[in-house]
Structure formats: structure tokens, C-alpha cells
Amino acid sequence: MSAALTKKLIRQPVEALESHFGHSGFLDGQDRVIEQITSGRDGLVVMPTGGGKSLCYQLPALCFEGVTLVVSPLIALMKDQVDALVAKEIPATLINSTVAWEEQKDRLNGMRDGRYKLVYVAPERFRAESFLRALEGVEVSLFAVDEAHCLSQWGHDFRPDYLRLGKALRKIGKPQCVALTATATPAVRADILEVLGLENPFEVVSGFSRPNLSLAITAVDKKAQKLARLREVVGVHKTGIIYCATRKKVEEVSETLASWGMRVIAYHGGMSDSEREEAQNVFLRREADVAVATNAFGMGIDRADVRFVIHYEVPGSIEAYYQEAGRAGRDGEAAVCELLFNYADTRTQEFFIEGANPGAQAIRDVYRFLLDAADGDHELHRSIEDITDGSGLKNSMAVSSALASLARSGYIERFDVPGKRMRGTRLRKPDVFPESLDLNEEALEEKERRDREKLKAMVEMCYARSCRQQWILEYFGEEDAETCGTCDVCRDDGGDDREPTDEEHLIVRKALSGVARMSRKTSSGWEGKFGRGKIVMMLMGSRSQEVVAAGLDQLSTYGLLKDQGSGYLNALFRAMGDAGLVRTEAGEYPLLTLSDRGERVMQGGRNYRMSWPERGVGAVASADLEDRGFDPALYSALRDVRTKVAKAEGVPPYVVFNNRTLEALARYQPRSLDEALSVPGIGEVKAQRYLRGFLAVLKDWKAAN
Ligand code: ADP
Ligand code: ZN
């Protein structure tokens with residue numbers, strides 16, 4: 001057992017809460033964190049801004065003997081924090097580069113003499129060996145790292161000094177350490193644990209749920225449908241924000257709203273600073289009800305009565321989605337957030353990812369052009385478009401990213417050119433050749449990979465039929481998140497979603513293990529290797545040639561669910577897909593694999609609900625499917641659906657379904673997606689993508705006949 005666990009408390013947290021902070025109770029999650037910290041464990045705390053993170057280390061600081069060091073990146077905030085503590089008669093001080101070295105030494109001595117309970121330290125102090133040596137004689141009871149996401153290169157606010165903290169911790173004898181942040185995806189959390197070398201850490205993620213928001217994701221397959229939905233939501237909820245992916249879309253949508261007589265502003269990065277400020281003020285002064293904007297909008301938006309947030313296109317990550325959706329209902333009153341989802345819109349996000357990740361070669365190409373085009377003072381005044389043409393690249397966004405990357409690594413400097421909207425560029429190391437640029441290619445690739453993962457997670461959520469709020473909280477790492485009862489999925493459950501029985505849970509876990517055996521786990525998550533059909537055959541213990549040839553009969557899960565029947569298993573897999581436990585990767589062949597959530601359930605997690613297929617029904621239903629003869633009227637109705645779908649998807653009709661498949665649909669008249677899968681010519685991916693409208697027509701037709 002580590003020495004930390006024998007740590008003595010000189011005060012009880014609850015008493016100090018009242019006597020020193022004047023609070024009568026804890027906020028959500030604080031009690032759990034403080035209990036863990038006072039028990040001596042290392043840990044990681046993720047809470048949103050305003051969630052009350054400071055208390056999580058300030059209170060234990062008072063209860064421990066010795067001094068608590070707090071690393072915090074912003075000098076201005078540091079001073080406020082210290083002033084607030086001193087005002088509460090808590091002995092605290094700060095050490096950063098604005099403090100003279102003599103004074104720093106005095107404060108270090110004070111730490112040794114027990115004059116302070118809390119000392120805030122700027123991260124760059126850990127660069128100085130002299131500072132580290134001086135710290136060695138101090139008894140540090142707790143080392144708190146605030147804004148801990150700053151140590152991740154994949155976060156949005158990387159600070160290289162934070163990378164030194166792991167080493168600094170070891171140097172001063174590995175005191176108990178707790179990291180805190182408001183934003184940490186699983187990858188960033190893993191980085192924090194690794195860089196700081198936290199041992200057996202607790203992790204508490206808390207406070208992200210927004211009970212007053214009802215989230216919804218609506219599938220729309222064409223523009224008219226989007227606009228119709230937009231009109232409905234805006235008509236009912238009046239005040240809100242519509243996020244669009246591109247400037248062009250912002251203009252288009254805001255003009256449409258204006259033509260409906262709505263008071264609307266447009267906001268995007270292509271507008272000048274003053275235009276944007278004016279637009280924002282009009283919205284804040286309530287002279288407009290609706291803001292149509294790109295994600296550039298909202299950083300400082302302090303309008304609490306936003307009743308709706310619409311995402312007109314799918315955003316690039318769940319983080320971005322939730323941050324933007326979270327601008328609704330700041331006043332605590334009910335608000336709605338609706339994402340209008342069309343898979344085709346993910347192409348825009350992929351384009352952004354390419355733009356944000358130019359790659360080493362493109363960075364060198366841009367740099368080469370800068371070298372060639374610079375004047376005798378190593379300067380050039382060229383627009384992004386010029387640089388794009390000059391360096392032979394196509395995507396001007398990639399050029400901006402390349403310039404930003406060169407500026408970050410100190411090769412160039414960008415400056416404003418008076419009277420012009422374009423910025424100038426100055427070479428700071430003009431002797432460096434493009435080939436000798438020091439670029440961390442591995443890190444560049446890693447970042448692109450992570451960006452793609454985030455988009456994938458966003459799309460996965462859109463396809464899942466699972467409580468939105470719970471899904472998001474799980475994504476952020478909150479354990480045991482409850483279903484919200486107010487999102488679209490919770491509301492239109494129709495009551496047939498429920499938790500598993502013990503037996504069902506076991507079957508699901510077995511099925512998921514089968515999927516895992518037939519997938520590949522990579523550093524970026526699960527990848528499918530087989531389609532659903534093969535997986536079901538394996539679980540059924542099929543002796544078929546293709547199963548045996550692939551060696552699937554050698555798997556430990558082979559035949560594991562043969563008692564269930566393939567009909568049931570197929571239906572079960574569909575339900576697991578809807579619940580987001582498995583996902584289908586569209587490609588030449590649809591491959592099935594585990595989602596993150598599915599992995600958790602496979603390992604025993606029971607926090608899921610689904611619409612359970614009835615035992616035996618699946619099998620009977622597909623056997624039931626019979627040729628009911630050819631009816632030209634039905635065929636023509638189905639063909640109309642095909643025309644519409646093809647138009648919405650921007651593909652020729654035969655790509656949706658060819659005539660033979662259409663005829664088979666008319667003859668077999670399936671009633672559900674599962675049944676349709678036994679119709680010749682209909683596979684998993686097409687069924688998921690296109691079938692809904694066809695089934696609706698078949699249903700109506702059956703009702704009418
Ligand atoms: P964070 O660092 O997570 O953004 P803070 O630590 O600044 O949040 O706390 C946000 C606000 O909540 C502060 O005004 C703080 O005084 C208040 N607060 C923190 N803990 C409590 C509590 N237990 N009871 C009441 N108010 C609290
Ligand atoms: Zn819900």
C-alpha cells in the first residue's frame with residue numbers, strides 16, 4: 001500500500017466546506033472526487049466549466065498536512081484565485097514569471113515553513129532546474145493540475161510546458177496528483193493519465209447532463225424536407241441558432257428565413273470583423289430572433305433565452321455538436337436541439353478534415369513556394385489563393401493549415417498588412433530548405449486519424465436509436481448515465497425498448513463476443529472483417545464451406561448461439577445495431593463490427609435498452625415470405641419511391657435498386673427491414689439506407705388492399 005494512503009487528515013472536509021467556503025453542501029460530483037482525493041488516490045476529474053472544480057482540490061488542501069501545488073496556465077486567473085482564497089483567510093500565494101526570483105525564493109521558504117496551504121504555479125516555472133531543486137525540500141501533499149487537457153497534443157489548447165509536468169512530479173518524489181479539466185475526450189484523458197504517470201487513478205466525469213434540453217436527430221433525405229422541418233421548429237420555438245457547415249449554406253438558409261419574414265442575422269468567417277460584431281450585437285439586443293451561423297459563432301454568446309439550436313448539417317464531432325447544442329436553454333428553461341441528418345453531408349466534414357490536415361508533403365510544397373516568392377527581406381504579400389495556386393495545391397484550407405503549422409514551429413511569421421484584408425508572411429529561418437523542415441510526420445498523421453475517429457463517432461450516434469443524452473454522457477465518460485426521457489428516442493420509444501433480462505443480456509454478450517472474434521481491434525477502434533450473415537452463420541455453428549474455409553469453425557464462439565435460430569439472431573443483430581452496440585461499415589461489402597458501447601456491453605456493462613425481437617418470430621417471418629404475384633400498380637408506386645430516393649441521393653435509380661429487385665419487392669411485399677433482407681437483391685447497407693420509404697408504400701398498399 002502506498003504511503004499516500006496513510007495520509008493524515010488534519011480536518012474533515014465537510015467541516016471545512018462550511019467554515020472556510022461557506023457552502024452548505026456539495027455540487028454534483030464534488031463529494032465523490034473529494035472522498036477519493038482525501039483517501040490518497042491519484043485521479044482525473046472532468047467537469048464542465050462552472051461545475052466547481054476548484055473546490056475539488058482546495059478543500060482537500062485544507063485537510064491535508066503540508067502544501068498543495070496548483071498548476072494553472074493563465075496568470076490572470078491565478079491571481080484572482082489566490083485573492084479569493086486569501087479573502088477567505090486561506091493562506092495561499094502564487095509563483096510565476098512576474099514574481100521576482102528573490103520573492104519566489106521567499107515564497108518557497110514559506111512553503112517549507114508551512115506558511116501556505118495552497119500555492120499556484122505557472123507551468124513554465126517547471127522549465128527552470130533551479131525551481132525544481134528548490135521544490136525538492138518542500139513537503140507537497142497534493143499536486144493539482146488544472147486545465148489538464150493542455151498537455152495533450154490532440155486537444156485544442158496544447159501547451160508544451162505541460163509535458164514537463166510528469167518529469168517534475170517524479171523529480172519531487174511523486175506526490176499525490178490530481179488532474180482537472182472541462183474538456184477531455186477518451187483520447188485526451190488517456191494522454192493525461194500517461195503524461196502525468198498517474199497510478200491506479202480514480203476518474204470522475206460529472207455534470208455534463210443538460211436535463212432542460214431535448215435532443216433530437218432527424219433523418220432527412222432531401223433539401224425540401226430539411227427546410228420544412230426548419231420552418232416547423234423555428235415557427236414553434238422562435239428564438240434560436242441554426243448552425244450550418246459552410247458560409248454558402250449560412251447565406252442560403254438565412255435568405256430563405258428572411259423570405260419567410262423572420263428576423264434573422266447571418267454570421268460566418270467570411271464577413272469582416274465589424275460586420276460580425278454588428279450581427280452578433282443585433283442578435284444580443286434581441287432585434288433578431290434567429291442567428292444562422294457557422295461554428296465561428298457563439299464563443300461569447302451570452303443570450304440565455306435561446307430556445308432552439310438546429311444543426312442544418314452534421315458537425316464534425318460529438319464535442320462540437322454538444323458544445324453548440326449546449327448554447328440552447330442557458331436560462332435553465334426547456335429548449336430543443338435538433339440535428340437534421342443526411343449522410344451525404346459528412347462529405348463536407350471530410351473535406352474539412354482534409355483541409356485541417358494538409359500532411360507533410362503539402363506543408364513542404366507551401367514552404368517551397370514561400371521561399372521562392374519572398375523578396376530580399378524574406379517577406380511576401382500574397383493571398384491564400386495565390387499561395388494555393390503557386391504551391392500547386394487544390395484546397396486553400398489546407399494551405400491555411402500549412403501556414404499555421406509553419407508559424408507554430410517558428411519557420412514563418414504572419415502579420416497584418418495595413419489596409420488589406422490579406423496577411424503578409426515573413427520567413428524567420430530562410431536558410432532552411434523545404435526538405436529539412438522539422439515536421440513531426442507521425443503526429444500529423446495521428447491528428448488526422450483522430451479527427452476521422454471523431455467524425456465516425458458523430459455519425460455512429462446519428463444512426464443509433466438510443467437515448468441521445470445518455471449516448472453523449474457515455475462518450476464523455478460519465479458512468480451509469482441514465483436515459484433522459486426527453487430526447488427523440490426516449491419519446492418515441494412507444495414503450496417497446498427495455499432493458500435486457502439476465503438471459504437476454506447473456507445472449508447479447510455472446511453475440512458481441514462473436515462479433516469481436518470476427519473483427520480486428522486497431523489502435524483506432526474496431527474494424528469489421530465480415531458481414532452480418534457470416535457472423536450469424538458462425539454463431540449458429542454452420543458447416544457451410546465458406547465458414548469452414550475461413551477457419552471460423554475454429555473460433556471459441558463457433559456455434560455458441562445455435563439454439564437461438566438464425567431468424568432470431570438476424571433480428572437481434574438489427575436491434576443491436578439500432579441500440580448502437582454494433583455498427584455496419586459501408587463499403588464494397590458491408591462489414592459489421594463493435595461500437596465502443598458494444599465493447600462495454602460485451603465486457604458486462606448493462607446500461608442499454610433495445611427493442612427485443614420476439615423469440616422464434618424472425619425465423620418464421622422470413623420463411624413466410626412468399627411470392628404474392630405481380631401487381632403493376634404496386635410496382636409503379638415503388639418505382640416512384642425509387643425516383644425520389646435516387647434524386648435525393650444524387651444517384652441514378654438503378655443504384656438504389658435495379659428493376660429486378662424492385663419487382664421482387666412488389667412480389668414478396670416484406671413488412672420489415674428483416675423480412676426485406678430475404679428478398680433477393682437487398683443487402684444490409686441498401687436496406688439501411690433506402691428501404692424506409694419503400695416499406696411505407698408497401699404498408700399503405702397492404703392496408704388499402
Ligand atoms: P470550474 O473551475 O469548474 O469552472 P469553479 O470552481 O470556478 O468552477 O466553481 C464555479 C462556481 O461554483 C463558483 O462560483 C463557486 O464558488 C461555486 N461553487 C463551487 N462549489 C460549490 C458548492 N459546493 N456549493 C455552492 N457553490 C459552489
Ligand atoms: Zn433520451
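Quick caveat, the model's predicted, so the values are computed rather than measured. The residue numbering used here restarts from 1 in each chain and proceeds along that chain's sequence as written. Lettering for chains starts from A, numbering for ligands starts from 1, and both go in the order in which the items are written. Since the coordinates come from a predicted model, pLDDT governs what is reported: local features require at least 70, and pairs of side-chain atoms require 80 or more to be given and counted, while whole-chain, interface and lining totals use all residues. Side-chain metrics in this entry use all non-hydrogen atoms of the structure; hydrogen atoms and water are not considered.

A.B. asks: Sorry, what's going on with the overall build of the protein here?
C.D. replies: Only runs of H or I of at least four residues qualify as helices and only runs of E of at least two qualify as strands under DSSP, and these elements are numbered from the N terminus. Helices and strands together make up the secondary structure of the protein, namely 30 helices and 22 strands. We compute the radius of gyration from the C-alpha atoms alone; for a globule the expected value is 2.2 Å times N to the 0.38, where N is the number of residues. A compact globule built from 705 residues should have a C-alpha radius of gyration of about 27 Å, and the protein, at 29 Å, falls within 12% of that. C-alpha atoms of the protein, sized along the principal axes, occupy 95 × 65 × 55 Å. Counting over 705 residues, the protein shows a buried share of 49%. What makes two residues a contact is simply this: any of their non-hydrogen atoms within 4.5 Å. A separation of at least 24 residues holds for 72% of the contacts in the protein among residues at least 6 apart in sequence. For accessible areas, the Shrake-Rupley method is used with a probe of radius 1.4 Å. Any residue's cover is judged against the shown protein chains and nothing else. Per element, the accessible surface of the protein, about 33000 Å² overall, is 48% carbon and sulfur. Exposed residues in this analysis have more than 50% of their type's maximum accessible area, buried residues have under 20%, and partly exposed residues fall in between, with area computed by a 1.4 Å probe over protein chains only.

A.B. asks: Any chance you could explain the coordination of the zinc ion (ligand 2) here in plain terms?
C.D. replies: For a metal with four donors in a tetrahedral arrangement, the ideal angle between donors is 109.5 degrees, while six donors in an octahedron ideally sit at 90 or 180 degrees. Protein coordination at the zinc ion (ligand 2) comes from C467 (SG), C484 (SG), C487 (SG) and C490 (SG), with a distance range of 2.2 to 2.4 Å. Coordination partners: N, O, S within 2.8 Å of the metal, 3.2 Å for Na, K and Ca; water not considered, so apparent gaps in a site are possible. Irregular is the label for any site that misses the other tests, which are tetrahedral for four donors with all angles between 85 and 135 degrees, and square planar for four donors or octahedral for six when opposite donors exceed 155 degrees and the remaining angles lie between 65 and 115. Its four donor atoms give the zinc ion (ligand 2) angles of 105 to 119° at the centre, a pattern that matches the tetrahedral case. In primary sequence terms, the donor set of the zinc ion (ligand 2) follows C-x16-C-x2-C-x2-C. Of this pair, C467 sits in the loop between α17 (441-463) and α18 (468-476) while C484 sits in the loop between α18 and α19 (488-491); the two residues are 17 residues apart in sequence, bridging distant segments of the chain.

A.B. asks: Is there a simple way to explain the UniProt feature "domain: HRDC" (unreviewed entry) in the protein in this structure?
C.D. replies: As annotated in UniProt, the feature "domain: HRDC" (unreviewed entry) corresponds to residues 628-705 in the numbering used here. Along residues 628-705 one finds 73% helix and 0% strand; the C-alpha atoms at either end are 13 Å apart. UniProt positions are given in the numbering used here, feature names are shortened, and annotations may be inferred rather than shown by experiment.

A.B. asks: Is there a simple way to explain the site of ligand 1 in this structure?
C.D. replies: Here a residue is considered near a molecule or strand provided that any single heavy atom belonging to it is located within 4 Å of it. In the vicinity of ligand 1, the contacting residues are H23, G25, F26, L27, Q30, P48, T49, G50, G51, G52, K53 and S54. At 3.5 Å from a nitrogen atom of ligand 1 is found a side-chain nitrogen or oxygen belonging to H23. Polar contact criterion, stated in full: a pair of N or O atoms within 3.5 Å, where within protein one must be able to donate a hydrogen and the other to accept it, and residues adjacent in sequence count only if both atoms are side-chain atoms. For ligand 1, an oxygen atom lies 2.8 Å from a polar atom in the side chain of K53. Considering ligand 1 on its own, with 560 Å² of exposed area, one finds that the protein chains cover 62% of that surface. Classifying every residue of the shell around ligand 1 gives three nonpolar, eight polar and one charged. Polar here means any residue other than Ala, Val, Leu, Ile, Met, Phe, Trp, Tyr, Cys and Pro, which are nonpolar, and Asp, Glu, Lys and Arg, which are charged; Gly is therefore polar.

A.B. asks: Just to check I follow, could you spell out the environment of S409 for this structure?
C.D. replies: Structurally, the position occupied by S409 is in the loop between α16 (396-408) and β15 (412-416). Each C-alpha atom, one on S409 and one on L439, is 8.5 Å from the other, the two residues being 30 residues apart in sequence. Within polar-contact distance, the side chain of S409 engages the backbone oxygen of S405 at 2.7 Å.

A.B. asks: For this particular structure, what's the right way to read the pattern of salt bridges?
C.D. replies: Pairing of side chains with opposite charge becomes possible as their charged atoms draw close. Definition used for salt bridges: Asp or Glu carboxyl oxygen within 4 Å of a side-chain nitrogen of Lys or Arg. By the definition in use, this model includes 47 salt bridges. One salt bridge in this structure joins R520 and E527, with 3.1 Å as the shortest N-O distance. A single network of salt bridges, built from pairs that share partners, joins D191, E446, R449 and R450.

A.B. asks: How should unusual backbone geometry be read in this particular structure?
C.D. replies: Phi is mostly negative for residues that are not glycine, and the peptide bonds are mostly trans. If you check the backbone angles, E147 has positive phi at about 50° while not being a glycine. Here E147 shows up in the loop between β5 (140-145) and α7 (165-171). You can call E147 partly exposed: its relative accessible area is 26%. The phi dihedral of K174 is positive, around 50°, even though this residue is not glycine. Among the residues examined, K174 registers a relative accessible area of 36% and is labelled partly exposed.

A.B. asks: I keep staring at the packing of aromatic side chains and nothing clicks. Help me out?
C.D. replies: Each aromatic ring pair is summarised here by two numbers: the centre-to-centre distance and the angle between the ring planes. Any two of the Phe, Tyr and Trp rings considered here, Trp counted by its six-membered ring, make a pair once their centres fall within 6.5 Å; the pair's planes then place it as stacked at under 30 degrees, edge-to-face at over 60, or tilted in between. The tally for this structure, following the rule as stated, stands at 14 aromatic pairs. A ring pair is formed by Y367 and Y411, whose centres lie 6.1 Å apart and whose planes are at 65°; its orientation type is edge-to-face. Residue Y367 is found in helix α14 (residues 359-373), and its partner Y411 is found in the loop between α16 and β15; the two are separated by 44 residues along the sequence. Considered together, Y367 and Y411 belong to a single accessibility category, that of buried residues.

A.B. asks: When you look at the sheet that holds strand β12 (residues 308-311) in this model, what are you seeing that I'm missing?
C.D. replies: Strands belonging to one sheet form pairs held by backbone hydrogen bonds; the direction of such a pair is parallel or antiparallel. Taken in spatial order, the six strands line up as β8-β13-β12-β9-β11-β10 in an open sheet, and their pairing is parallel. Among the strands making up the open sheet, the edge pair consists of β8 (213-219) and β10 (264-267). In this sheet, adjacent strand axes meet at a mean angle of 15° when their direction is disregarded. By the convention used here, strands pair only if DSSP detects at least 2 bridges between them. Where β10 and strand β11 (residues 290-293) come together, four bridges link them in parallel fashion. Considered in β11, the bridge of A266 is made with V292. Throughout, an axis means a line fitted to C-alpha atoms (over the contacting stretch in the case of helices), and angles, computed between N-to-C directions, take values from 0 to 180 degrees.

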